[in-house]
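Structure at a glance
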Amino acid sequence: MNRRLTPMEIAGSLAVLAALLALWWLASHAGWVSKVFLPTPEATLASLHEGLAAGELGGFTAATVGRMLAGWALAGVVGIGLGALVGSSAAARAWVGPTLEFIRPLPASAVMPLAIAIFGLSGGMVLAVVAFGAMWPVLLATVHGLAHVHPQLREVAQALQLHRRAFILQVGLPHALPDILAGMRLSMTVSLIVSVVGEMVASQPGLGQAILLASRSFQASELYAGIVLLGAIGFVSNTLLALAERRLLRWQHP
């Protein structure tokens, strides 16, 4: 579980952020980089405000967040379910493990052509690829957590004559919860990345499509506004999951 940041660490992180913003301001105003490629922070902020207040940026953001959450939730259900079945059985790990290790390194973008052939250029295709890419951190974390249940807990479960389902629900998953939550946080990041890529490829409404269109039309401030929004979505989602993780695992640190 992540520890709390000290006031000095918070001040340091804010100082780094302020330095990066100052460097951006200086580079854009001093003409180190053409404003065609690097707009000023003020122009980016104006485009961000205009897009959220009167433009389509708010709708694009909602579409991306909805797609990200749907794929993440689906990946969590499938990943935890399969991971519990595989992780609770040594035989299943021996049989299925090599196959999982073969499929796991495949990037989600590599299976996108296959998904397009099956689902077409649709929202369902993007959702399927998001769920596929985001499933692996959860699945492997669940397998690891259940595979490393303490032997004494297994002995207690055998003494109590717990069936496999009861063992998974009452012993295995609670023991694997720290691993599962860490996998879910990583899965959220993957789901955001794959959602944006899928929107670009399949021309689905979302920030990915908005960033691509802004890039093609050389609207640098709109492009950077979309990137800023993506960063904000990633930061907020990770922060919320970290808070949930700290609350759910508070028993580890009384």
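Read on for an overview of the structure. (Residues numbered from 1 in each chain as written. Predicted model: local features only at pLDDT ≥ 70, side-chain atom pairs only at ≥ 80, totals over all residues. Heavy atoms only, no water.)

1. Section: a nonpolar patch on the surface
Spelled out, the test is: Any residue with relative accessible area above 30% and no salt bridge may belong to a patch, with like charges joined within 9 Å and the nonpolar Val, Leu, Ile, Met, Phe, Trp and Tyr side chains within 5 Å. Only the protein chains shown count as cover for residues, with accessible areas throughout obtained via the Shrake-Rupley method and a probe of 1.4 Å. Salt-bridge detection follows one rule: a side-chain nitrogen of Lys or Arg within 4 Å of a carboxyl oxygen of Asp or Glu. Note on conventions: DSSP H or I runs of at least 4 residues are helices, E runs of at least 2 residues are strands, and numbering of each starts at the N terminus.
Together, Leu-23, Trp-25, Leu-26, Trp-32, Val-33, Val-36, Phe-37 and Phe-218 make up an exposed nonpolar region whose accessible area comes to about 850 Å². Residue position: Leu-23 is located in helix H1 (residues 7–29).

2. With respect to the packing of aromatic side chains
Condition: Each aromatic pair joins two rings of Phe, Tyr and Trp (for Trp, the six-membered one) with centres within 6.5 Å, and gets the label stacked for planes under 30 degrees apart, edge-to-face for over 60, and tilted for any other angle. With a 1.4 Å probe rolled over the protein chains alone, any residue whose accessible area is under 20% of its type maximum counts as buried; one over 50% counts as exposed, and the rest are partly exposed.
This structure, assessed with the given rule, holds two aromatic pairs. Taking the centre distance of 5.9 Å and the plane angle of 85° together, the rings of Phe-132 and Trp-136 count as edge-to-face. One end of the pair is Phe-132 and the other is Trp-136, both in helix H6 (residues 123–147) and four residues apart, which spans about a single turn. Under the relative-accessibility criterion, Phe-132 is labelled partly exposed at 21%.

3. Quick word on helix H2 (residues 41–53)
Since one α-helical turn is 3.6 residues long, residues separated by three or four positions face the same way. For the record, the criterion: By this rule, a helix spans an expected 1.5 Å times one less than how many residues it contains. Arc definition: directions from the helix axis to the C-beta atoms. Between two residues, a contact is recorded if the distance between any of their heavy atoms is within 4.5 Å.
With 13 residues, H2 should cover 18 Å at 1.5 Å per step; its first-to-last C-alpha distance of 18 Å lies within 8% of that length. Listed in full, the buried residues belonging to H2 are Pro-41, Thr-44, Ser-47, Leu-48 and Gly-51. The buried side chains of H2 occupy one side of the element, clustering within an arc of 125° when seen end-on. Exposed side chains of H2 directed beyond 90 degrees from the buried face belong to Leu-45, His-49, Glu-50 and Ala-53. Looking at the packing, one finds that the buried side of H2 touches H1, helix H3 (57–87) and helix H10 (220–248).

4. Re the layout of surface pockets
The line we're drawing: Space inside and on the surface of the protein is sampled on a 1 Å grid over the protein atoms alone, with a cavity defined as a set of points where a 1.4 Å probe fits but cannot get out and a pocket as an open set with protein on both sides within 12 Å along at least 5 of 7 lines; lining residues have an atom within 4 Å of a point. Grid points are joined across faces, edges and corners, and a volume is the space filled by probe spheres set on the points. Amino acids are sorted into nonpolar (Ala, Val, Leu, Ile, Met, Phe, Trp, Tyr, Cys and Pro), charged (Asp, Glu, Lys and Arg) and polar (every other residue, Gly among them).
If you add up the space inside the second largest pocket, you get close to 350 Å³. Lining the second largest pocket are 16 residues, with Leu-57, Phe-60, Ala-210, Gln-219 and Glu-222 positioned closest to its centre. The element contributing the most residues to the lining of the second largest pocket is helix H9 (residues 207–216), with four residues. For the lining of the second largest pocket, a count of residues per class yields eight nonpolar, five polar and three charged.

5. Focus on the nonpolar core
The condition is simple: Within this scheme, the nonpolar core is defined by two criteria: the residues are buried Ala, Val, Leu, Ile, Met, Phe, Trp, Tyr or Cys, and they are joined through side-chain atoms within 4.5 Å.
Leu-57, Phe-167, Leu-192, Leu-207 and Leu-230 are the most contacted members of the largest nonpolar core, which has 29 residues in total. Elements with a contribution of two residues or more to this core: H3, H6, helix H8 (164–202), H9 and H10. For this core, the leading source of residues is H8, giving nine residues. Look past the residues within four positions of Leu-192 in its chain and what remains in contact with it is Thr-64, Met-68, Leu-230, Ile-233 and Gly-234. In terms of nonpolar packing, the next biggest core, distinct from the first, is built from 18 residues, Met-125, Trp-136, Val-194 and Ala-202 among them.

6. Some words on the side chain of Ser-47
Take Ser-47: it is sitting in helix H2. Ignoring any residue separated from it by four or fewer positions in sequence, one finds Ser-47 in contact with Ser-221, Glu-222 and Ala-225.

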